[in-house]
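Below are the chains, spelled out letter by letter.
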Amino acid sequence: MSAAMLALEGVTKTFMAGTPNAVAALDRLDLALAAGDFVTVIGSNGAGKSTMLRAIVGLVEPEQGSIRLDGADITHEKVHRRAGAIGRIAQDPHESTCAVMSIEENLAMAAKRGQRRGLARAVTPALRERLRTELAAIGLGLEARLDARVGTLSGGQRQALALLMATLARPKLLLLDEHLASLDPKTAEAVMQLTDRLVREGALTTLMVTHNMHEAIRWGNRLVMMHAGRVVLDVAGADKAGLTVPGLVERFHEVSRETLSDDRVLLA
Amino acid sequence: MIQLQSILTSMAEQGLLFAFLGLGVLITFRFFRFPDLTAEGSYPLGGAVAASLLVVGVDPFAATAAAVAAGAGAGVATALIHTKLKINNIIAGIIVMTALYTVNLRVMGRANVSLLTAPSIYEDIVRWLNALGFGLRDGAMTTIAITAVLLVLVSIALAAFLRTDLGLAVRATGENETMIRSLGVDTDRTKMIGLAISNGAIALSGALVAQNHGFADIGMGIGILVTGAAAVLIGEAIFGDRSIARWIVAAIVGVLIYRLLVALALRVGMQPVDLKFVTAALLLAALAVPRLRVRLVGR
Ligand SMILES: Nc1ncnc2c1ncn2[C@@H]1O[C@H](COP(=O)(O)OP(=O)(O)O)[C@@H](O)[C@H]1O
Ligand SMILES: [Mg+2]
């Protein structure tokens, strides 16, 4: 097996540990992605999907286990030190862009991902030209509104911008946390097409969390189901192509019953 | 007529001296979104450092630069307490403000230093310009002109900085810290830079005011943050908060209007003891009016 681009081993995170409200958000989680993998992630609310992504970017520090990115151990590395290699859209749509700053300022900040920032002018004519081209390719007309504040954009425009910000500096890893959740179906489809194109063009290793099973089956080359902080289903290639929504739902119920009966055993 | 002119002259003179304070408070209050009480210490620190250097014969430019550096150092102290010790930013400001009270007394050696016989940056500039053939007199108009030029230079530098890669990162730190960290920025560092610039500008106001008034006083900083915040909010109420240039102009105009309102309050019979109450009322009005307007007119 070739070395993984991303490898999570035994990653464990318990919130409010030692209190009656302790939550095991991640429970000895193992997951490895090969370079170029586009993995969709599903799982019920509270399964630990967002916590997994936050642990990968460093916003959550695991108490056990290790996270390796392209061979380097990043488990305890600071957020800003690993940021050059990881692009992410957070589940909270306001976390990925800066509403009071302009489109071009947001993109200029993203273009410098992971680099030293000095006293050079941020938005140069050359950068503006490049941004116009990139924005024109999205087809939302944003190239004509470079100096508009991000707060004035629609939800779809904002998520498209967040996507461009996450991919502009060609990160090694792209993390998407339900980035279509707040969009209407038509806009969601457009932003998803854009996602797929950017992932392909950049040959980005990608983890995409979604609550939509259709999307999870349709996109990517591999599907992972999480439950109670662990991966409970991992399907790739031809097997993934053969998945159906009813099949996934059934599999999901089996998994939750299993853990439910485990709990019963524990409580008995 | 003469009275109006003297009100306006005094407003412009005092307003321009305080404008650097407005710029400093703009950074913390608007971009970092917290009231940085370090200002209450860094403003008199600027006055104290400049005054004590001037009375021992240090060159006025060097003394003023030292005052700015001291103010920046105070900002760095607040930033370090906040970021390294994980102490709330308002509390960090209060700690530094409190410590600076003693520092300022130690720097001056007493509660009040008179500069009446010491040279000032203004006298120096006037002397140079006159040597070049300008026939300037050392009066309010000259102070206004010199301060205005200095203010324009500082404003241009600040606006340019806020448009650099580092400047964008500093602005985003206050607006969306998680995002800018996720883009690779060490926000401990950007907070330090922002607070250093802010308090450096505030100390510059203190140093210039001391040279203009002819003394530095341990009590000169009391309520200064509220003054700065009121000015920033008054400016915003007029100009909106749309772009860097507007923000900067709004902060400066806000200070001028604030000074005008204070001058008018004194003219209509209020006493100097009433001024803090006037300031508080202005701050309240600047905060409440935009909200009421939204509620009445709708968005
Ligand atoms: N900061 C936090 N503090 C306490 N509990 C948290 C925190 N973040 C997540 N959790 C809990 O951890 C569990 C997993 O959450 P999350 O990763 O957001 O799930 P998902 O994204 O799969 O819906 C949930 O029970 C959630 O309530
Ligand atoms: Mg989630």
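Residues numbered from 1 in each chain as written. Chains lettered and ligands numbered in written order. Predicted model: local features only at pLDDT ≥ 70, side-chain atom pairs only at ≥ 80, totals over all residues. Heavy atoms only, no water.

1. As for the overall build of chain A
And then number 1: Helix and strand content of chain A: 9 helices and 10 strands.
And then number 2: The principal-axis extents of the C-alpha atoms in chain A amount to approximately 70 × 40 × 40 Å.
And then number 3: Expressed as a percentage of contacts within chain A between residues at least 6 apart in sequence, the contacts between residues at least 24 apart total 67%.
And then number 4: For chain A, the computed accessible surface area is about 12,400 Å², with 52% contributed by carbon and sulfur atoms.
And then number 5: When the 32 basic and 31 acidic side-chain charges of chain A are each reduced to a single mean position, those positions are 6 Å apart. (Helix = DSSP H or I, 4+ residues; strand = E, 2+ residues; numbered from the N terminus. Contact = heavy atoms within 4.5 Å. Areas by Shrake-Rupley, 256 points an atom, 1.4 Å probe, with all protein chains shown as cover. Lys, Arg positive; Asp, Glu negative; His and termini not counted. Charge placed at Lys NZ, Arg CZ, Asp CG, Glu CD.)

2. Re the overall build of chain B
And then number 1: Each helix and strand counted, chain B has 12 helices and 2 strands in total.
And then number 2: Taken from N to C terminus, the helices and strands of chain B fall in the order α-α-α-α-β-α-α-α-α-α-β-α-α-α.
And then number 3: The globule rule puts the C-alpha radius of gyration for 299 residues at 19 Å, and the 19 Å found for chain B is close to it.
And then number 4: Counting only C-alpha atoms, chain B reaches 55 × 45 × 40 Å along its principal axes. (Rg over C-alpha atoms; globule rule 2.2 N^0.38 Å.)

3. Concerning a nonpolar patch on the surface
And then number 1: Together, Ile90(B), Ile91(B), Ile94(B) and Ile95(B) make up a nonpolar patch on the protein surface, roughly 280 Å² of accessible area in all.
And then number 2: One can find Ile94(B) in helix α4 (residues 89–108). (Patch = residues over 30% accessible without salt bridge, like charges linked within 9 Å, V, L, I, M, F, W, Y side chains within 5 Å. Salt bridge = Lys/Arg side-chain N within 4 Å of Asp/Glu carboxyl O.)

4. Side note on the site of ligand 1
Residue and element names in this part refer to chain A.
And then number 1: The environment of ligand 1 is formed by Phe15, Met16, Val23, Ala25, Ser44, Asn45, Gly46, Ala47, Gly48, Lys49, Ser50 and Thr51.
And then number 2: Glycine 48 places a main-chain nitrogen or oxygen 2.9 Å from an oxygen atom of ligand 1.
And then number 3: Threonine 51 is positioned such that a nitrogen or oxygen atom in its side chain is 2.5 Å from an oxygen atom of ligand 1.
And then number 4: Considered on its own, ligand 1 offers 560 Å² of accessible surface; in the complex 63% of this is hidden by protein.
And then number 5: Of all the secondary structure elements, the ones that give two or more residues to the shell around ligand 1 are β2 (23–33) and α1 (49–57).
And then number 6: A total of 3 residues in the shell around ligand 1 trace back to one element, the largest contributor, which is α1. (Near = heavy atom within 4 Å. Polar contact = N/O pair within 3.5 Å; in protein donor to acceptor, adjacent residues only side chain to side chain.)

5. Let's talk about the coordination of the magnesium ion (ligand 2)
Residues and elements named next belong to chain A.
And then number 1: Protein-derived ligands of the magnesium ion (ligand 2) are Ser50 (OG) and Gln91 (OE1), with the metal-ligand distances lying across 2.1 Å. Of this pair, serine 50 sits in helix α1 while glutamine 91 sits in the loop between β6 (86–89) and α3 (103–111), and the two are 41 residues apart along the sequence.
And then number 2: For glutamine 91, a relative accessible area of 39% corresponds to the partly exposed category. (Donors = N, O, S within 2.8 Å, 3.2 Å for Na, K, Ca; no water. Buried < 20%, exposed > 50% of the residue type's maximum accessible area, 1.4 Å probe, protein only.)

6. Quick word on the interface of chain A and chain B
And then number 1: The interface is formed by 31 residues belonging to chain A together with 25 residues belonging to chain B.
And then number 2: Buried area between chain A and chain B, summed over both chains or domains, comes out near 2,300 Å², and the portion from carbon and sulfur atoms is 60%.
And then number 3: The largest share of the area that chain A buries against chain B comes from His80(A), Arg117(A) and Arg149(A), three residues that together contribute 25% of it.
And then number 4: At the surface where chain A touches chain B, the tally comes to 2 salt bridges.
And then number 5: Note that Lys112(A) and Asp165(B) form a salt bridge whose closest N and O atoms lie 3.8 Å from each other. (Buried area = accessible area lost by both parts, 1.4 Å probe.)

7. Quick word on the pairing of strand β10 (residues 230–236) of chain A
And then number 1: Examined bridge by bridge, strand β9 (residues 222–227) of chain A and β10(A) share 6 bridges and lie antiparallel to one another. Counted as the bridge partner of Leu223(A) is Val235(A) from β10(A). (Pairing = 2+ DSSP bridges.)

8. What to know about unusual backbone geometry
And then number 1: Here Arg170(A), not a glycine, exhibits a phi torsion of approximately 50°, which is positive.
And then number 2: With respect to the element layout, Arg170(A) can be found in the loop between α5 (155–167) and β7 (173–177).
And then number 3: The class of Arg170(A) is exposed, set by a relative accessible area of 56%.
And then number 4: Phi at Lys86(B) takes a positive value of approximately 55°, unusual for a residue other than glycine.
And then number 5: Relative to the helices and strands, Lys86(B) resides in the loop between α3 (60–84) and α4.
And then number 6: Exposure remark for Lys86(B): the relative accessible area of 68% places this residue in the exposed category.

9. What to know about the sheet that holds β2(A)
Residue and element names in this part refer to chain A.
And then number 1: An order of β2-β1-β4-β5 is seen for the 4 strands of this open sheet, with the pairing classed as antiparallel. With partners counted over all chains shown, the strands left at the sheet margins are β2 and β5 (72–73), one partner each.
And then number 2: Sheet topology note: the strand β1 (residues 6–15)/β2 ladder contains 7 bridges and is antiparallel. Opposite phenylalanine 15, over in β2, you have valine 23 as the bridge partner.

10. Considerations on the confidence of the model for chain B
And then number 1: Taken as a whole, chain B shows an average pLDDT of 92; of its residues, 97% reach a score of 70 or greater.
And then number 2: Overall fold confidence (pTM) sits at 0.92, and the ipTM for the predicted complex is 0.91. (pLDDT = per-residue confidence, 0-100.)

11. Concerning the nonpolar core
All names here are of chain B.
And then number 1: Counting 69 residues, the largest nonpolar core has Phe18, Leu23, Val25, Tyr43, Leu151, Leu208 and Ile248 as the members making the most contacts within it.
And then number 2: At 13 residues, the largest contribution of residues to this core is made by helix α1 (residues 2–31).
And then number 3: Aside from chain neighbours lying at most four places away, what touches leucine 23 is Leu151, Val154, Ser155, Leu158, Ile248, Ala251 and Ile252. (Core = buried A, V, L, I, M, F, W, Y, C linked by side-chain atoms within 4.5 Å.)

12. Some thoughts on helix α6 (residues 140–161) of chain B
And then number 1: Taking 1.5 Å of rise per residue, the 22 residues of α6(B) would be expected to cover 32 Å, and the 31 Å separating its terminal C-alpha atoms lies within 8% of that figure.
And then number 2: Residues of α6(B) that are buried include every one of Thr142(B), Thr143(B), Ile144(B), Ile146(B), Thr147(B), Leu151(B), Ser155(B), Leu158(B), Ala159(B) and Phe161(B), and no others. (Expected span 1.5 Å × (residues − 1).)

13. A word on the packing of aromatic side chains
All names here are of chain B.
And then number 1: The tally for this structure, following the rule as stated, stands at 3 aromatic pairs over all chains.
And then number 2: Relative to tryptophan 247, the ring of phenylalanine 31 has its centre 4.9 Å away and its plane inclined at 80°; by these criteria the two rings are edge-to-face. You can see phenylalanine 31 sitting in helix α1 and its partner tryptophan 247 sitting in helix α11 (residues 244–267), a full 216 residues away along the chain.
And then number 3: A residue is classified by how much of its surface remains accessible, and tryptophan 247, at 7% relative accessible area, is buried.
And then number 4: Between phenylalanine 61 and tryptophan 128 the ring centres are 5.2 Å apart and the planes differ by 10°, which places this aromatic pair in the stacked class. Here tryptophan 128 lies in helix α5 (residues 121–131) and phenylalanine 61 lies in helix α3, a separation of 67 residues in the sequence.
And then number 5: We classify phenylalanine 61 as partly exposed; its relative accessible area is 32%. (Phe/Tyr/Trp six-rings, centres within 6.5 Å; stacked < 30°, edge-to-face > 60°.)

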